[in-house]
Number of protein chains: 2
Amino acid sequence: MATGTVAPGNTANLPKLTFEELRAALRRVGEERYHHKHPFHLRMHEGKLSRGQLQAWALNRYYYQSIIPIKDAIILSRATDPAFRRAWRKRIVDHDGDEGRNGGILRWIKLAEATGLDRDRVTRADEILPATRFIGNEYLHLVRTRPFLDCVASSLTELFSKDLITLRMEKLRQHYPWLASGLDYFEARLTEAPEDAAFALEYVFDHAATRADQERVIQAVRDKCDILWAQLDALYFAYVEPGWPPPGAFQIGANRD
Amino acid sequence: MATGTVAPGNTANLPKLTFEELRAALRRVGEERYHHKHPFHLRMHEGKLSRGQLQAWALNRYYYQSIIPIKDAIILSRATDPAFRRAWRKRIVDHDGDEGRNGGILRWIKLAEATGLDRDRVTRADEILPATRFIGNEYLHLVRTRPFLDCVASSLTELFSKDLITLRMEKLRQHYPWLASGLDYFEARLTEAPEDAAFALEYVFDHAATRADQERVIQAVRDKCDILWAQLDALYFAYVEPGWPPPGAFQIGANRD
């Protein structure tokens, strides 16, 4: 327990959930814990964030974007089934791109540039909040150390992302029209995320042998929601209210030395 | 860079620092980044925290206390010199205790009990902030993965703790007299921490072969300060201002279900 997560309740003897029941249980987790309800996002969607606050968001979230293919490569490295690896490596291509097209990381950089940040400043990532780094690293730690099923399951917040991204694109265009040139990242995720989620959901359903396995799947999604949520807590604290970035972190309006 | 820390500047060709210069450089890091300046501690010392806020602090900080001997055991497991291990294992005894005396973890539990929390609720650690867990785990990650010298160096925030603990004990007695029965933890740290810091400082000075090694020592202390600081950011955000604990975390005044 010390370094892990909350133990699932004593449900090991209950019958296995059907596919629909599992999906519904995951949706309940999302309803309660996914970051669509986070006050930072609520303010974003109400048009109440300043350009500087959106810069802080883009700058910090870049770190998270930058480690996603590393996360997926760790999962790939632990997968013993070539068919699984073939399906999963799409995620790495989606983020890193190939000769033919840009990947998600470059699209995120374009979003950050649309907020007015220099590309170099974004990719150096040396002004991000320490908490952003720590919380991102927790995700890498999860996929390195937890059972493989949990690692696949942790991606299932993608079940919830389409609604959030659809709303966000509408609201960003409405309230921050100067950002419009930077929205390609979200456009691509609208189709990528649901495809990926469908594959992962089928995988975890097929490979959870017991109800206890299924409970671990649900817990992994809870843990992943906590990772997303905690990133926004740190952003809100540093840049919205009370608005105290820690020593050395990005300061709104300040140039780099 | 993606999962690590900020690279030290281009100082590899500079002359090595003397013992006094190294100590002074570390003190400058402490002055800038150690959590004695954190607004949560400032409020604590001004008597402005409520009992519930002190409960949230004791509950979350318990998690950190509980992993310290794990952190030290990881360092022990990486140490090849029996003399080093003999010196370092004192830290584990200090925290875990032995037949003859209580350790720091039990003393911290007593502090948490003095705030009015049940021991069970504290040690279960299932109401802590996810950020508390993620940030604590980052410390374990650091001592698992960074060069051994950096791991020893990361303990050197203990160079700064005596002044903070001395002030804290005075202020806690003054502003929260109902906590007085719980201060044994700090009393013990007043002598343990300076002994430990003196050993670790000598070790890193003797084993840093180059200026670049010394710069890594300084960076490790900076990183450790960031870990301590980020924990208080998360506490402040959740329980002081704006006061939004994430889904599932400890709520001030709420009983457990």
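Residues numbered from 1 in each chain as written. Chains lettered and ligands numbered in written order. Predicted model: local features only at pLDDT ≥ 70, side-chain atom pairs only at ≥ 80, totals over all residues.

Caption draft 1: Region of interest: the overall build of chain A. Looking only at helices and strands, chain A has eleven helices and zero strands in total. Each helix and strand of chain A, placed in order from N terminus to C terminus, yields the pattern α-α-α-α-α-α-α-α-α-α-α. By the compact-globule yardstick of 18 Å for 257 residues, chain A fits well, its C-alpha radius of gyration being 18 Å. Of the contacts formed within chain A by residues at least 6 apart in sequence, a portion of 80% connects residues at least 24 apart. (Helix = DSSP H or I, 4+ residues; strand = E, 2+ residues; numbered from the N terminus. Rg over C-alpha atoms; globule rule 2.2 N^0.38 Å. Contact = placed C-beta atoms within 7 Å.)

Caption draft 2: Seen up close, the packing of helix 3 (residues 51-78) of chain B against helix 5 (residues 104-114) of chain B. Residue and element names in this part refer to chain B. Contact geometry of helix 3 with helix 5 gives a least axis separation of 10 Å together with a crossing angle of 175 degrees. Regarding the angle of helix 3 to helix 5, the classification is roughly antiparallel. Judged by residue contacts, Ala58, Leu59, Tyr62, Gln65 and Ser66 of helix 3 engage Gly104, Ile105, Trp108, Leu111 and Ala112 from helix 5. Here the residues of the contact of helix 3 with helix 5 sort into seven nonpolar, three polar and no charged. (Axes fitted to C-alpha atoms, helices over the stretch in contact; angles between N-to-C directions. Parallel < 35°, antiparallel > 145°, perpendicular 65-115°, else oblique. Nonpolar A, V, L, I, M, F, W, Y, C, P; charged D, E, K, R; others polar.)

Caption draft 3: Geometry of the packing of helix 5 of chain B against helix 10 (residues 184-207) of chain B. Residue and element names in this part refer to chain B. The interhelical angle for the contact between helix 5 and helix 10, taken along N-to-C directions, is 145 degrees, at an axis separation of 8 Å. Taking contact as the criterion, the partners of Gly104, Arg107, Trp108, Lys110 and Leu111 in helix 5 are, on helix 10, Asp184, Tyr185 and Ala188. Residue composition of the contact of helix 5 with helix 10, by class: four nonpolar, one polar and three charged.

Caption draft 4: Local environment of the interface of chain B and chain A. Chain B puts 32 residues into the contact, and the matching count from chain A is 32 residues. Within the residue set of the side of chain B that touches chain A, elements represented by two or more residues are helix 1 (19-33), helix 3, helix 7 (130-145) and helix 11 (211-239) of chain B. With eight residues, the single largest contributor to the side of chain B that touches chain A is helix 7 of chain B. When the residues that make up the side of chain B that touches chain A are grouped by side-chain class, the tally is 21 nonpolar, four polar and seven charged.

Caption draft 5: Region of interest: the relation of the copies chain B and chain A. Of the two same-sequence chains, chain B is brought onto chain A (RMSD 0.0 Å, axial shift 0.0 Å) by a rotation of 180 degrees. What we have between these two chains is a two-fold relation. Comparing interface residues between copies, 100% of those in chain B also lie at the interface in chain A; the contact surface is shared. (Least-squares fit on C-alpha atoms with pLDDT ≥ 70 in both.)

Caption draft 6: Representation of the environment of Ser77(A). Residues and elements named next belong to chain A. Inspection of the secondary structure assignment puts serine 77 in helix 3 (residues 51-78). Look at serine 77 and you get exposed, because 10 C-beta atoms sit within 10 Å. Along the sequence, serine 77 and arginine 211 sit 134 residues apart, while their C-alpha atoms lie 26 Å from each other. (Buried ≥ 20, exposed ≤ 12 C-beta atoms within 10 Å, placed from the backbone.)

Caption draft 7: Expanded view of the confidence of the model for chain A. Residues and elements named next belong to chain A. For chain A, the mean per-residue pLDDT works out to 94, and 95% of the residues sit at or above 70. Under a pLDDT of 50 for its full length, residues 1-7 has, in the predicted model, 13 contacts with residues more than four places off or in other chains. This complex was scored by the predictor with a pTM of 0.89 and an ipTM of 0.83. (pLDDT = per-residue confidence, 0-100.)

Caption draft 8: Quick peek at the environment of Asp184(A). Here Asp184(A) is to be found in helix 10 (residues 184-207). Ignoring sequence-local partners within four residues, the contact set of Asp184(A) consists of Arg107(A) and Lys110(A).

Caption draft 9: Quick look at the environment of Gln55(B). Positionally, Gln55(B) belongs in helix 3. Sequence separation between Gln55(B) and Thr115(B) is 60 residues, and the spatial gap between their C-alpha atoms is 5.6 Å.

Caption draft 10: Structural context of helix 10 of chain B. Residues and elements named next belong to chain B. With 24 residues, helix 10 extends 34 Å between its outermost C-alpha atoms, agreeing within 8% with the 34 Å of an ideal straight helix rising 1.5 Å per residue. At leucine 190, helix 10 shows its largest bend, some 35 degrees, and a proline, proline 194, comes one to four positions later. For helix 10, the full list of buried residues reads Tyr185, Phe186, Arg189, Ala193, Asp196, Ala200, Leu201, Tyr203 and Val204. Taken together, the buried residues of helix 10 touch helix 1, helix 4 (82-96), helix 5, helix 8 (148-154), helix 9 (158-175) and helix 11. (Expected span 1.5 Å × (residues − 1). Bend = angle between axes of the 7 residues up to and from the residue.)

Caption draft 11: Representation of unusual backbone geometry. All names here are of chain A. The peptide bond linking glutamate 241 to proline 242 adopts the cis configuration, its omega dihedral lying at -5 degrees. Checked against the element boundaries, proline 242 lands in the segment after helix 11 (211-239). At alanine 125, a residue that is not glycine, the phi angle is positive and equals roughly 55 degrees. Tracing the backbone shows alanine 125 in the loop between helix 6 (119-124) and helix 7 (130-145).

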